[in-house]
Amino acid sequence: MQVPSYERRRLSLRHESLRRGSIVAPISKEVPWDIFDRLFLPLLYCHAVAIIFSAVLGFFEIQFAFSTFGIFILLAIATVTLTLFYHNLKVSASGKAVLVTGCENPLAWYLCKKLDEIGFTVFAGFKNVAENADAELLTEECSARVRIVQIDASSDSQMQEAAKFIENNLPDGANGLWALLHCDQWNAIGELEWIPPQVLKKALDTNIVGTVRITQIFLPIVRRGKGRIIYLSSAMSKIYNPVRGIQTSISNAIESLALCLRAEMRRHGVQVIVVAAGEFASGTAWLDNEELCDQAKLMWKNMNDSLRFEIADEKYFEFTIRQLERYTKVTADLTPAIHTIIDAIQKAFPLPRYTPITREEKLKTLVADYMPYAVYDVLYN
């Protein structure tokens, strides 16, 4: 018996839903870097206060029951207790709206679903809503709190219409958006000389110009809601590798933008947060063999003869591009990034910067930040 087209469509959507659900591992190797980041400075201050307090008592020859270490332990216990209480405070999701851009990205798509389950009103931004299987699947999987919005950063009029739609459909009692989450990303891969102008332009337009323009248009709505703006960056902002120059530059640009915007928005009560996610969450997980090959062929085709001669061999070129192929053969665990972004939206007192990355990536960033570049170069390049 032939299956009706509608049922075939539902089966196809169900299969896609299961595939997207697999991006969250049932058992994650998540490292709670946010707790470490939250506790590091308070504990450092406890140690400093203990030393100063003991020095003052010694100067005035006052006897005290505890040594310097004992004072530090007492202060540390009190500080850790208060900090963890402060760290785990959450806002109520009821009556709060979140706008997520780039929902073609599986990470953003799944975030919309999770935020809906928590109770947020979600505006899911797609570049092209018409006949979009991702948008259709999200509508079917989620409650009526999820609204599909067309947001293409290349069209100001389209974004203005989206802003009006969001303003008219905010939940009852909401003055504005609680959070604007930027997930629209596109990576340009290759050595700097190899990247064609059109590829470079698309990367800059999507990741920088588009992000800035979306922020400008939706910032008044976020400001009225005294909400927060969340930028998805990458650990690549600290980790320098060949063929990743454009991605590293873009990540640094986004983080610099967030620093300046945070200072500008402080007086308005708007928080600006950066989630510097690991390799997979920042976009590389969505590369596949075909896309890598097509990108390599396009770059080789657009090179001039002298550059091809200097590279010497197309095999070397393809070998260099295919160094990234390993990322297409590994199942990405996006659980840390998803949990962190939800925390950035839901925590009453979020951190200004989150780093949901692996232990190896964390070690790399620490070496890049605090050691001479020559050391990083020897270890990793």
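Refer to the structure presented above.
Residues numbered from 1 in each chain as written. Predicted model: local features only at pLDDT ≥ 70, side-chain atom pairs only at ≥ 80, totals over all residues. Heavy atoms only, no water.

Peer 1: Explain helix α4 (residues 106-118) to me, please; I cannot follow it from the model alone.
Peer 2: Owing to its 3.6 residues per turn, the α-helix aligns residues three or four sequence positions apart on the same side. With 13 residues, α4 extends 18 Å between its outermost C-alpha atoms, agreeing within 8% with the 18 Å of an ideal straight helix rising 1.5 Å per residue. In terms of burial, α4 is a largely internal element, ten of the 13 residues being buried. Turning to α4, its buried residues number three or more, namely Pro106, Leu107, Ala108, Trp109, Tyr110, Leu111, Cys112, Lys113, Leu115 and Asp116. Of the residues that open α4, the one with a side-chain oxygen 2.8 Å from the backbone nitrogen of Leu107 is Asn105. Trailing α4 by a residue or two, Gly119 shows a phi angle of about 125°, which is positive. (Helix = DSSP H or I, 4+ residues; strand = E, 2+ residues; numbered from the N terminus. Expected span 1.5 Å × (residues − 1). Buried < 20%, exposed > 50% of the residue type's maximum accessible area, 1.4 Å probe, protein only. Polar contact = N/O pair within 3.5 Å; in protein donor to acceptor, adjacent residues only side chain to side chain.)

Peer 1: Explain the environment of Leu177 to me, please; I cannot follow it from the model alone.
Peer 2: Along the chain, Leu177 turns up in the loop between α6 (156-168) and β4 (179-182). Since its relative accessible area comes to 0%, Leu177 is described here as buried. C-alpha separation for the pair Leu177 and Val122, spaced 55 residues apart in sequence, amounts to 9.9 Å. Setting aside residues no more than four positions away along its own chain, Leu177 makes contact with Ala97, Val98, Leu99, Phe123, Ile166, Leu170, Ile221, Val222, Gly225 and Gly227. (Contact = heavy atoms within 4.5 Å.)

Peer 1: Sorry, what's going on with the pairing of strand β5 (residues 228-234) here?
Peer 2: The side chains of a regular strand alternate between both faces of the sheet. The buried count for β5 comes to seven of seven residues, which makes it a mostly enclosed element. Side-chain alternation along β5 places Arg228, Ile230, Leu232 and Ser234 on one buried face and Ile229, Tyr231 and Ser233 on a second face that is also buried. Here β4 pairs with β5 via four bridges, running parallel. If you follow Leu180 over to β5, its bridge partner there is Ile229. Following the backbone out of β4, through helix α7 (residues 197-224) and into the adjacent parallel β5, one traces a crossover that is right-handed. Note: β5 against strand β6 (residues 271-277), seven bridges, orientation parallel. (Pairing = 2+ DSSP bridges. Right-handed = clockwise from strand over helix to strand, strands pointing away.)

Peer 1: Looking at this structure, I do not really get the sheet that holds β5. What am I missing?
Peer 2: In a beta sheet, neighbouring strands pair by backbone hydrogen bonds and run either parallel or antiparallel. Reading across the sheet, the seven strands line up as β3-β2-β1-β4-β5-β6-β7 and stay open at both edges, with parallel pairing between neighbours. The open sheet terminates on both sides in strands that have one partner only, identified here as β3 (146-150) and β7 (353-354). On the sheet, α7 packs against β1 (97-100), β4 and β5 and is oriented at approximately 170° with respect to β4. Against the sheet, helix α8 (residues 245-265) touches β5, β6 and β7, its axis set at about 160° to β5. (Axes fitted to C-alpha atoms, helices over the stretch in contact; angles between N-to-C directions.)

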